[in-house]
Amino acid sequence: MSIKPTHFKSRIWLVDEDNIDTDMIFHNKHLHITKLDEMGQHTFGNLPGWEDLPQKAQDGDLLVVGGNFGAGSSRQQAVDCFTALGIPLIIGESFGAIYKRNAINAGVALAECPGITDSGLTSGDVIDVNMETGEIKCDAKSITLQAKPFSQVQMDIYQAGGLFEYGKSVS
Amino acid sequence: MICRDHQIKELETILGQTIAQKILALHAGRAAVAVDELVFAKVDMILGTDVTVPLSVEVFRRMGADRIFDPKKTVLVNDHFVPAKDMKAAELSKTMRLFAEEMGIDNYYEVGRSGICHVLLPDEGLVKPGDLIVGADSHTCTYGALGAFSTGIGSTDMAAAWAIGELWFRVPGTIKIEVNGQLPKWVGGKDLALHIIGHLGVEGALYKAMEFTGPTIRNLSMDGRLTLCNMAIEAGAKTGIVAPDEVTRQFMSKFPELSYTPQVADSDAEYVEEHHFDVSDLPLQVAKPYLPSNAVPVHEVMGQQVHQVVLGSCTNGHLSDFQLAADAMKGQKVNPKTRLIVIPSTKDVYLELIRSGLAEYFTEAGAVIGPPTCGPCIGGHIGVLAEQEVGLYTTNRNFVGRNGHPTSLVFLAGPAVAGATAVAGEIAHPDEI
């Protein structure tokens, strides 16, 4: 039934900074963009040191972030830009409340994993993530972490591919 | 249309409910709801603006939806990039205008009759105590000042709400913020907000509702409450709420045709945290770059040179805010080395500014009065900061690069400090200029 993956194995980008807000992720000067294809190139355009992520990121890469990621405005481009880059999962210490629901609704996987930025992981490490159990592993560094798994409804929305698809599937 | 069986819980053990729980329960057709439970609830009003509606329209169309569940429960406001700052902004407003026409949305606010949404909606009687309100703008939490559950959503949410009239919510735990003491002269809702966020931190209330209570809140004007609740998101909160009381009833008496059901917390309501503040000696507050939680007493930053003061926004955009700033200026001119940009938040506030004589005073003092817009608050237009320029704004966020160049600095404060700073050309206390 599931059309979205719940298991990921890929390399990570670690953005070890708290309170990265939506203006750093997707600056307000690009808010006129509503087409997904055009969003990726502006990802982290206002986050010093990370402006080149769109050039460096490869399809399937994962993002690991600090606390309160996505604080600030409700703009959904700050979620959609990662979809545009092919980043299917963001793991963070915590997320801004609106950001979290935007991601769930848009069918982007988010995992809350307190302690992940202090676990010894660095950019380039390859990790295994099981979204059903919340288990995160990095075999090369012998690191095992436990993220909060999605609740059933959140998982249902994610697996359906977003809020609207979920609504259609149960109506 | 959505299956709820798997969420229904035995709630007989749930006793006291907070305002947030009560409003969500009522809108989910339930007697009570538990904290952290996921519910589907019907919304009373859906707000969209020129920067968030176009993306929602794309999602709406992609899903094959062709009508709004109830056009009367939808409001579309031109406020962020209007009057259109460039051709791309013009396209955003055009998309929203055509969508309003197609869907038969009467609550469409065009330039000239529009204003900053969070000042406009309460003044237009579009939000009421006890309502469940969602808006594709993070400061939608403002309407908690009226005793509503009101929260920001994204574009997929808005498209879904347009189509089916309900959304999922995780019932937030509530943090009780009790405030005692009489606010000193010059000190108002903004100082209170910055002080509280300074204590809690920018993620101190993440996913939680904040309920503001105590004698200070009961004595706070509706304008002050709107300012306070507007800033709840800056502590990470889903919403900020003030229990409806006599101040609320007075405010709503402007709309005798509207019926509403105020909700207050049960006496045995359970709070996840409680914080107590005594504000009898609270100094004027300023939040340093780059977080609203970097609040310090104004004296710690006095003397900081400021190139631009912005007075207005959804946080401090009422007539009382402009009056307080003018009082702090004491009839003096804007410092030659500083710019003062005054943004009346709506057409009505603009008219009040003219009729009260404040428009003439500000203009003669050397300020410029802009049209109602979010402009400078989002670094969009009408006052964007250059490299390494310093601003003092009555807005709500001072993130890196939000208001202009990434090296620009913005200090957040209330209207009294803004007025004094405009005169002094550096961050100042109104009693010391």
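Residues numbered from 1 in each chain as written. Chains lettered and ligands numbered in written order. Predicted model: local features only at pLDDT ≥ 70, side-chain atom pairs only at ≥ 80, totals over all residues. Heavy atoms only, no water.

Student: Just checking my understanding: could you explain the interface of chain A and chain B for this structure?
Tutor: Counting residues at the interface gives 45 residues for chain A, matched by 51 residues for chain B. On the chain A side of the contact with chain B, A:His32, A:Arg101 and A:Phe164 bury the most area, a combined 19% of that side's loss. If you look at where chain A meets chain B, you find three salt bridges. The salt bridge involving B:Arg402 is made with A:Asp23; its shortest N-O contact spans 3.4 Å. In this assembly, chain A and chain B are joined by 21 residue pairs in polar contact (both at pLDDT 80 or more). Looking at the side of chain A that touches chain B, the elements with two or more residues in it are α1 (22-25), α4 (77-85), α5 (97-106), α6 (152-160) and α7 (163-170) of chain A. For the side of chain A that touches chain B, the per-class residue count stands at 13 nonpolar, 21 polar and 11 charged. (Contact = heavy atoms within 4.5 Å. Buried area = accessible area lost by both parts, 1.4 Å probe. Salt bridge = Lys/Arg side-chain N within 4 Å of Asp/Glu carboxyl O. Polar contact = N/O pair within 3.5 Å; in protein donor to acceptor, adjacent residues only side chain to side chain. Helix = DSSP H or I, 4+ residues; strand = E, 2+ residues; numbered from the N terminus. Nonpolar A, V, L, I, M, F, W, Y, C, P; charged D, E, K, R; others polar.)

Student: Just to check I follow, could you spell out the nonpolar core for this structure?
Tutor: Nonpolar side chains tend toward joint burial in soluble globular proteins. Residues and elements named next belong to chain B. The biggest cluster of nonpolar side chains holds 93 residues, and the ones touching the most others in it are Ile-196, Met-210, Leu-340 and Phe-362. When residues of this core are assigned to their parent elements, the largest contribution, six residues, is made by helix α6 (residues 189-200). Of the residues that make up this core, three or more belong to each of domain 1 (11-282) and domain 2 (287-432). When residues no more than four places from it in sequence are discounted, the contact partners of Leu-340 are Val-309, Leu-311, Met-329, Val-334, Phe-362, Ala-367, Val-368 and Ala-422. (Core = buried A, V, L, I, M, F, W, Y, C linked by side-chain atoms within 4.5 Å. Buried < 20%, exposed > 50% of the residue type's maximum accessible area, 1.4 Å probe, protein only. Domains from an automatic or database assignment.)

Student: What is the right way to look at the pattern of salt bridges in this model?
Tutor: Opposite charge on two side chains allows them to pair when their charged atoms are near. Within the structure shown, the criterion is met by 22 salt bridges over all chains. Note that A:Asp52 is salt-bridged to A:Lys56, the shortest N-O span being 3.5 Å. For A:Asp52, a relative accessible area of 33% corresponds to the partly exposed category. The partner of B:Glu246 in a salt bridge is B:Arg249, with the nearest N and O atoms 2.9 Å apart. Separated by three residues within a single helix, B:Glu246 and B:Arg249 lie in helix α9 (residues 246-252), roughly one turn from each other. For B:Glu246, a relative accessible area of 45% translates into the label partly exposed. On the accessibility criterion, B:Arg249 (43% relative accessible area) is partly exposed. The network of salt bridges with shared partners includes A:Asp23, A:Arg75 and B:Arg402.

Student: What exactly am I supposed to notice about the packing of aromatic side chains here?
Tutor: Two aromatic rings are characterised by how far apart their centres lie and by the angle between their planes. Per the counting criterion, the structure on display carries 15 aromatic pairs over all chains. Relative to A:Phe95, the ring of A:Phe69 lies with its centre 6.3 Å away and its plane at 90°, an arrangement referred to as edge-to-face. Taken together, the residues A:Phe69 in the loop between β2 (62-65) and α4 and A:Phe95 in the loop between β3 (89-92) and α5 connect sequence positions 26 residues apart. We note that A:Phe69, like A:Phe95, is buried. Relative to B:Trp162, the ring of B:Phe99 has its centre 4.7 Å away and its plane inclined at 35°; by these criteria the two rings are tilted. Here B:Phe99, found in helix α3 (residues 87-103), pairs with B:Trp162, found in helix α5 (residues 155-164); they are 63 residues apart in sequence, far enough to count as distant. Overall, the relative accessible area of 1% leaves B:Phe99 in the buried class. Judged by its relative accessible area of 0%, B:Trp162 is buried. Connected via pairs of aromatic rings, a cluster forms that spans A:Trp13, A:Phe44, A:Trp50, A:Phe69, A:Phe82, A:Phe95 and A:Tyr99. Just above the ring of B:Trp168 sits the side chain of A:Arg101; from NZ or CZ to the centre is 4.3 Å. The ring of B:Phe81 is capped by B:Lys85, whose NZ or CZ atom sits 4.8 Å from the centre of that ring. (Phe/Tyr/Trp six-rings, centres within 6.5 Å; stacked < 30°, edge-to-face > 60°. Lys NZ or Arg CZ within 6 Å of the ring centre and 35° of its normal.)

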